[in-house]
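Chain by chain, the residues:
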Amino acid sequence: MHYDYLIIGQGIAGTFLSYYLQQLEKTVLVIDEVKKDSPSRITAGIINPVTGRRLVTVWMADQILPFAWDAYSAIGAQLDIPVISQRNVIDFFPNPFMREGFLEKIKTGDQHVHAYPEQNHFNHFFNYEFGCGEIRPAYTAHVEVLLPAWRNRLNNIGALREERFDRTLLQYQNNGISYKDVTASKIIYCDGPGGFENPQFSKLPYAPNKGEALVLEIPDLPPHHIYKKSMMLVPMVEPGQFWVGSSYVWDFDNADPTQEFYDRTNAVLKEWLKLPYKILEHRSGLRPATLERRPFCGIHPLHPQVGILNGMGTKGCSLAPFFASELAEFLVNEKPIAADADVKRFTKVLSR
Ligand SMILES: Cc1cc2nc3c(=O)[nH]c(=O)nc-3n(C[C@H](O)[C@H](O)[C@H](O)COP(=O)(O)OP(=O)(O)OC[C@H]3O[C@@H](n4cnc5c(N)ncnc54)[C@H](O)[C@@H]3O)c2cc1C
């Protein structure tokens, strides 16, 4: 059987790449082995316009955020399920210095950082002696419902194989590749942390980062906002369930959940939350982060039949729709990929 594109991985990157290639009337086969700890299966789906303590506007926010809203809305409409919601962030200041920094940012006229006039609004739910502000617009992508729904769609049209892709069976032809009984014009790797070991692209400057989160039941907490203090508390699709996290660890031995994170998060919640909660799940995995915090998108400089969409780091839910669309438009219509993301910037490294 021949396909235009063989895609390895159906995380958030492979989902959107297969979606856009189909929109452009190309045939795809997606090979994906479900891994419980792959980042797209443990993410909170936060799409936040600012980052870090200093509330810096995220890279390409003006393009990427509205694009993400439209992309999730469109794929959700096709699947007949909502897969994105606006959930602005209520930022509870942990100390007077953070409050001061936030107020200073408002004074600069920042378009995402705002005062929250009803300072006592959350008194029933949280302890917050230094007040709060609001970050907007922010969104949650409902990746936990999008991925299985898109998987069903692919399955129903014969575009999915649920198995481990075995690189040793891949063969390069002049005009494409072959794999088992399949031929394709190109193979595109959307394999997330699996890509760290992919010999074609393992020389890229990945910087694996470990993250952990807990899933909580808090029946009485309103689900209309993302709440932030030293951690993010994020409403999930299942009523009464919230995601809390996460850690950012650069130095680790394995991707397993740790008692240290569990205890620390529990301590934060006891001090912050006034409502009773129950811990349902402890999640942990690796982020496919990169040294220069930019994705890897495009075609291998030496192998025109091999491509990549990876390196989404801490922001895959915002970045994946935009760069999947860029890659699809590049492959089909030869439109250029943003230079900061195009993997051809690593031509030297990948040619060694
Ligand atoms: C705790 C945590 C919280 C996060 N929170 C957020 C957040 O709130 N907002 C945000 O934007 N980002 C967040 N991220 C980051 C985000 O989850 C990632 O950037 C994103 O999920 C990466 O998606 P991906 O599709 O590139 O990779 P993946 O999710 O890893 O998908 C790759 C897929 O390929 C499959 N695969 C790999 N190798 C093979 C093979 N050989 N054969 C078959 N299948 C294979 C894997 O099983 C997987 O299904 C978070 C990450 C973590 C760890």
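Scroll up a little and you will see the structure.
Residues numbered from 1 in each chain as written. Predicted model: local features only at pLDDT ≥ 70, side-chain atom pairs only at ≥ 80, totals over all residues. Heavy atoms only, no water.

S.K.: Just checking my understanding: could you explain the environment of Y19 for this structure?
M.R.: As for its placement among the helices and strands, Y19 is situated in helix 1 (residues 12-23). In this structure Y19 comes out as buried when scored by relative accessible area, which is 4%. A sequence separation of 52 residues divides Y19 from A71, and the C-alpha atoms of the two residues are 10.0 Å apart. Residues within four places of Y19 in sequence aside, it is in contact with A74, I75, Q78 and W150. (Helix = DSSP H or I, 4+ residues; strand = E, 2+ residues; numbered from the N terminus. Buried < 20%, exposed > 50% of the residue type's maximum accessible area, 1.4 Å probe, protein only. Contact = heavy atoms within 4.5 Å.)

S.K.: Can you walk me through helix 4 (residues 96-107) in this structure?
M.R.: At 3.6 residues per turn, the α-helix brings residues three or four places apart onto the same side. Its 12 residues give helix 4 an end-to-end C-alpha distance of 17 Å, which sits within 8% of 16 Å, the value for a rise of 1.5 Å per residue. For helix 4, the N-terminal capping position is held by N95, with its side-chain oxygen 3.1 Å away from the main-chain nitrogen of F97. With its phi angle positive at about 85 degrees, G109 sits one or two positions after the end of helix 4. (Expected span 1.5 Å × (residues − 1). Polar contact = N/O pair within 3.5 Å; in protein donor to acceptor, adjacent residues only side chain to side chain.)

S.K.: Looking at this structure, I do not really get the pattern of salt bridges. What am I missing?
M.R.: Pairing between side chains of opposite charge can happen when their charged atoms approach one another. This model, assessed by the stated rule, comprises 17 salt bridges. Where E104 meets K107, a salt bridge forms, and the shortest distance between an N and an O atom there is 3.3 Å. Of this pair, E104 and K107 both sit in helix 4, 3 residues apart, which is roughly one turn of that helix. Using a relative accessible area of 66% as the deciding quantity, one classes K107 as exposed. Between D342 and K344 there is a salt bridge, with its nearest N and O atoms 3.9 Å apart. Given a relative accessible area of 7%, D342 falls into the buried group. Shared partners join several salt bridges into a network, and the residues in it are D32, R41, R151 and E162. (Salt bridge = Lys/Arg side-chain N within 4 Å of Asp/Glu carboxyl O.)

S.K.: Help me out: how do you make sense of the site of the ligand in this one?
M.R.: D32, E33, S40, F165 and G313 are the nearest of the 36 residues found near the ligand. Measuring from an oxygen atom of the ligand, one finds a backbone N or O atom of P39 at 3.3 Å. With respect to the ligand, the side chain of R41 contributes an N or O atom lying 3.0 Å from an oxygen atom. Coverage of the ligand by the protein amounts to 98% of the 1000 Å² it exposes when considered alone. In terms of residue class, the shell around the ligand is made up of 14 nonpolar, 13 polar and 9 charged. (Near = heavy atom within 4 Å. Areas by Shrake-Rupley, 256 points an atom, 1.4 Å probe, with all protein chains shown as cover. Nonpolar A, V, L, I, M, F, W, Y, C, P; charged D, E, K, R; others polar.)

S.K.: Which parts of the structure should I look at to understand the packing of helix 1 against helix 3 (residues 61-79)?
M.R.: A pair of packed helices is characterised by two quantities: the angle between their axes and the separation of those axes. Following both chains from N to C, one finds helix 1 and helix 3 inclined at 70 degrees, their axes separated by 12 Å at the closest point. One element, helix 1, and the other, helix 3, form an angle in the roughly perpendicular class. Contacts between helix 1 and helix 3 pair I12, T15, F16, Y19, Y20 and Q23 from the former with F67, A71, Y72, A74, I75 and Q78 from the latter. For the contact of helix 1 with helix 3, a count of residues per class yields 9 nonpolar, 3 polar and no charged. (Axes fitted to C-alpha atoms, helices over the stretch in contact; angles between N-to-C directions. Parallel < 35°, antiparallel > 145°, perpendicular 65-115°, else oblique.)

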